[in-house]
Amino acid sequence: MSSAWLLPEHIADVLPAEARRIEELRRQWLDLARGYGFELVMPPLLEHLESLLSGTGRELNLKTFKLVDQLSGRTLGLRADTTPQAARIDAHLLNREGVTRLCYCGPVLHTRPSGLYSTREQLQFGAEIFGHAGLEAELEVQELALDGLQAAGVPQLTIDLGDARIVRSMLGGALLDAEALTELVAALTAKDGSTVRAMAARCPAETREGLVALLDLYGGDEVLDSASRLLPARGPIQAALADLAWLARHLRQAYPEVQIGFDLSDMSGYAYYSGVRFAIYGGGSADALARGGRYDEIGAVFGRNRPAVGFSVIDLKNLATLVPSGPVRAAVRAPWAEDDALRAAIRALRGRGETVVCILPGHEQETEEFDCDRELTQVDGRWLVRAL
C-alpha cells in the first residue's frame, strides 16, 4: 500500500524557491504580452471533450485525460493544450471582425510525460493572433517569443523555421491512408531515413524524391537554396520558401544574436499547422522551449474559419530550471508584540509595498525565503527601520 503523501508518477509539488521563480516568469511573460497589446483570457481547465479536441488531430487526443461529467453524463477532457480554447473564445464569445490578440497562462495536463524527467502537469504560456493572414502576424508572435525568452535570461537562443505547406503540397497526390500518413510524418520529423524511403516508395516519383530530399534540408540559409532546387516546383512550396526567407531576414535584423535555421522536415503538429511553424531552443536544452506557427483551420470547427497564428512556451516550470534565479526579495524583520504602534508601523510598511516578516515568539533564530536586510526597531518610543 502506497503512502498517502506520495504523488502520481511525473506529478510534483513546487516548493517555495522554485515557485517564486516560476511566478516571476509568469508575471514577466504576461506583462510583456500586454506591452504587445495582447488581452488576457482564462479558459477553464476542463470542458466537453469534442470542443477540446476540435481540429487538433490524433496526437492531442492521446494526451488528454477523459472523465464523465456527473451532472450531464457527457465526456469531459482536462486540457492538454490551451490553443483550441482560445480559438473557441475568439469565435463564439468575442466574435470580433478585426484583429484579436489573446494570451493565457495556466496548467495543462498530459496523460503521459514527453520524456523520462518531464512532468505531466505543465504551466503553459501562450499568445494567439486571430484575424490577420499576412506574415506580419507570424513575425509578431516570433518576436514576442524571442523577447520573452531573452527577458527570462535564456542564453544561446536558436529559432528553427519550417512550413507545413511543403509536406502537405508534396503529399497532396499521394495515396496514403491516415495511419500511413501519420507514420510518414513522424518519420520525417525524427529524420528516420529508412522508414521515409519505405513509405515514399508508395508515392509518385516526384513526391518520393522530394520526401527523401527533405531529410537533409535542415541547417542555415543554404537550406532554402537547396529546397528550391530539390523539391517539386509547386506553388505552395515556392510560396512557403519565400515566406521563410522573408521572416529570416526580418528576424536577423532585430535579433543578430539569435541563431536562425531551417528544418523543413520537422512536422511536429502536422495536423495542427497550416503554414509557417517554428521552434525555439536555448539554455542547453535539447527540447524546444517554445513552439508555434499558423493554424488557420482551427476556427472552422467552431463555425468561424479565420486566420490564426500563435505560439506557446511549453512549460514555465521547466524554463525556470534553465535560467539563473534572481536575488531573493529584500525584507524588513520585525518583532512580534502586542504594541499598537508596532502593528501600525508594520501595516504602513506593507502598504508601501515592503515585505515585513514578523518573527513569531520562539522562532527568532530561524531563516526564511526572504533576505531580511533591515529590521524594525524601537528608538525613543518610535518604531524605525534600520539596516542590519
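This text gives an overview of the structure that appears in the document. (Residues numbered from 1 in each chain as written. Predicted model: local features only at pLDDT ≥ 70, side-chain atom pairs only at ≥ 80, totals over all residues. Heavy atoms only, no water.)

### Observations regarding helix α8 (residues 193-200)
Since the α-helix advances by 3.6 residues per turn, residues separated by three or four positions end up pointing in the same direction.
Stage number 1. Residues of α8 that are buried: G193, T195, V196, M199 and A200. Relative to the axis of α8, the buried residues are bounded by an arc of 165° and lie together on one face.
Stage number 2. The elements touched by buried residues of α8 are α7 (178-189) and α9 (205-214). (Buried < 20%, exposed > 50% of the residue type's maximum accessible area, 1.4 Å probe, protein only. Helix = DSSP H or I, 4+ residues; strand = E, 2+ residues; numbered from the N terminus. Arc of directions from axis to C-beta. Contact = heavy atoms within 4.5 Å.)

### Side note on the packing of aromatic side chains
Stage number 1. Across all of its chains, the model carries three aromatic pairs by this definition.
Stage number 2. Judged by centre distance (5.0 Å) and plane angle (35°), the ring pair of W29 and F125 falls under tilted. Residue W29 is located in helix α1 (residues 16-35), and its partner F125 is located in strand β6 (residues 121-130); the two are separated by 96 residues in the primary sequence. Here the two residues W29 and F125 agree in accessibility, since each one is buried.
Stage number 3. For the pair W29 and F311, a centre-to-centre distance of 6.2 Å together with 50° between the ring planes defines the contact as tilted. (Phe/Tyr/Trp six-rings, centres within 6.5 Å; stacked < 30°, edge-to-face > 60°.)

### Some remarks on the sheet that holds strand β13 (residues 330-335)
Stage number 1. A sheet is described by the order of its strands in space; here four strands give the open sequence β14-β13-β15-β16, paired in mixed fashion. Across the chains shown, the open sheet's two edge strands, defined by having one partner strand only, are β14 (356-359) and β16 (382-387). The average undirected angle you get between the axes of adjacent strands in this sheet is 35°.
Stage number 2. Both β13 and strand β15 (residues 371-379) contribute to a ladder of four bridges, which runs parallel. Paired with R333 across the strands is E375, a residue of β15. (Pairing = 2+ DSSP bridges. Axes fitted to C-alpha atoms, helices over the stretch in contact; angles between N-to-C directions.)

### Remarks on the pattern of salt bridges
Pairs may arise between side chains of opposite charge once their charged atoms sit close together.
Stage number 1. Taken as a whole, this structure holds 22 salt bridges when the rule is applied.
Stage number 2. The partner of E50 in a salt bridge is R74, with the nearest N and O atoms 2.2 Å apart. Linking E50 in helix α2 (residues 49-52) with R74 in the loop between β3 (65-68) and β4 (75-78), this pair joins segments that are 24 residues apart in sequence.
Stage number 3. We note a salt bridge from R294 to D296, for which the minimum N-O separation is 2.8 Å.
Stage number 4. Owing to a relative accessible area of 5%, R294 belongs among the buried residues under this scheme.
Stage number 5. Three or more residues are tied together by salt bridges with common partners; here these are R20, R21 and E24. (Salt bridge = Lys/Arg side-chain N within 4 Å of Asp/Glu carboxyl O.)

### Regarding helix α11 (residues 235-254)
Stage number 1. With 20 residues, α11 extends 29 Å between its outermost C-alpha atoms, agreeing within 8% with the 28 Å of an ideal straight helix rising 1.5 Å per residue.
Stage number 2. Among the residues making up α11, those that are buried are I237, A240, L241, D243, L244, L247, A248 and L251. Down the axis of α11, the sector holding all buried residues measures 165°, keeping them to one side. Exposed and oriented more than 90 degrees from the buried face of α11 are G235 and Q253.
Stage number 3. Elements in contact with the buried residues of α11: α5 (135-152), β7 (158-163), α6 (164-170), α10 (222-230), β9 (259-263) and β10 (276-281). (Expected span 1.5 Å × (residues − 1).)

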